[in-house]
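# Observations on chain architecture
Residues per chain, in single letters:
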Amino acid sequence: MAQRSFPTHLAALMDDAFTQFRRDLLTQVGDVGPLRPSHLRILDSVDEQGTRPSTLAERTAITRQGISQLIGHLEEHGYVESVRDPTDRRATMITPTPRGLAAVERTREAIGEVERVWADRLGADRYEVFRTCLEELGAASEAPAR
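These figures come from a predicted structure and were not determined experimentally.

### Here's the deal with the packing of helix α2 (residues 37-45) against helix α5 (residues 98-122)
- Direction vectors running N to C along α2 and α5 enclose 105°, while the axes themselves pass 9 Å from each other. The angle between α2 and α5 falls in the class roughly perpendicular. Contact residues: Leu40, Leu43 and Asp44 in α2; Gly100, Ala103, Val104, Thr107 and Arg108 in α5.
- Here the contact of α2 with α5 is built from residues that sort into four nonpolar, two polar and two charged.

### A look at the layout of surface pockets
- The computed volume of the largest pocket comes to approximately 1,200 Å³.
- Lining the largest pocket we find 28 residues, and of these Phe18, Phe21, Phe130, Arg131 and Leu134 sit closest to its centre.
- Contributing elements (two or more residues each) for the lining of the largest pocket: α1 (10-29), α2, α5 and α6 (124-142).
- When residues of the lining of the largest pocket are assigned to their parent elements, the largest contribution, ten residues, is made by α6.
- Residues that form the lining of the largest pocket fall into these classes: 17 nonpolar, four polar and seven charged.

### So, the packing of helix α3 (residues 53-60) against helix α4 (residues 64-76)
- Remark: α3 packs on α4, axes separated minimally by 9 Å, with the N-to-C direction vectors making an angle of 110°. With respect to each other, α3 and α4 are oriented roughly perpendicular. With respect to the hand of their crossing, α3 and α4 are arranged in right-handed fashion. Here Pro53, Ser54, Leu56, Ala57 and Thr60 of α3 lie close against α4, whose contacting residues are Arg64, Ile67 and Ile71.
- In the contact of α3 with α4, the residues fall into five nonpolar, two polar and one charged.

### Focus: the pattern of salt bridges
- What the rule picks out here adds up to nine salt bridges.
- Residues arginine 52 and aspartate 85 are paired through a salt bridge, measuring 2.9 Å at the closest nitrogen-oxygen approach. Here the residue arginine 52 occupies a position in the loop between α2 and α3, and aspartate 85 occupies one in strand β1 (residues 80-85), the gap between them amounting to 33 residues.
- The class of arginine 52 is partly exposed, set by a relative accessible area of 30%.
- Between glutamate 113 and arginine 116 there is a salt bridge, with its nearest N and O atoms 2.9 Å apart. Taken together, the residues glutamate 113 and arginine 116, both in helix α5 and three residues apart, mark about one turn of the helix.
- With a relative accessible area of 28%, glutamate 113 lands in the partly exposed category.
- Each of Arg52, Asp85, Asp88 and Arg90 takes part in one network of salt bridges that share partners.

Thresholds applied
- Residues numbered from 1 in each chain as written.
- Predicted model: local features only at pLDDT ≥ 70, side-chain atom pairs only at ≥ 80, totals over all residues.
- Heavy atoms only, no water.
- Axes fitted to C-alpha atoms, helices over the stretch in contact; angles between N-to-C directions.
- Helix = DSSP H or I, 4+ residues; strand = E, 2+ residues; numbered from the N terminus.
- Parallel < 35°, antiparallel > 145°, perpendicular 65-115°, else oblique.
- Contact = heavy atoms within 4.5 Å.
- Nonpolar A, V, L, I, M, F, W, Y, C, P; charged D, E, K, R; others polar.
- 1 Å grid on protein atoms, 1.4 Å probe; cavity = no way out; pocket = protein on both sides within 12 Å on 5 of 7 lines; lining within 4 Å.
- Points joined across faces, edges and corners; volume = space filled by probe spheres on them.
- Left-handed = near helix turned anticlockwise from the far one by under 90°.
- Salt bridge = Lys/Arg side-chain N within 4 Å of Asp/Glu carboxyl O.
- Buried < 20%, exposed > 50% of the residue type's maximum accessible area, 1.4 Å probe, protein only.

Written out as structure tokens, the structure reads:
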């Protein structure tokens, strides 16, 4: 295979880093049965008192159709329940089950361990700069356009 003579573009670098993050996360979290990282992301976005599917779609930048499929899978496997919103009986709230809350806790612990692993790989100072850059780039997306 021929060697490329041009630099790898940013999207490929970010994709490679995120792929490594998913690998490291799954290594740390261990067997999560029927869950994929996308399921864990949804679970982590559900408030304990419940969250509307439309809010989950906004929080995770996943389409409503995609959210519905992910919620269906989580509900089928006992991680969340769909209940009527007590303030608006027409609306549905997604609430975590004890199994879902345990999966969230396990995932958060695993993410903390991935962060420690990455800090070891990069060195604590470089990792802190990396995190700060990610935070700044994320905040820039929330700033009003000029």
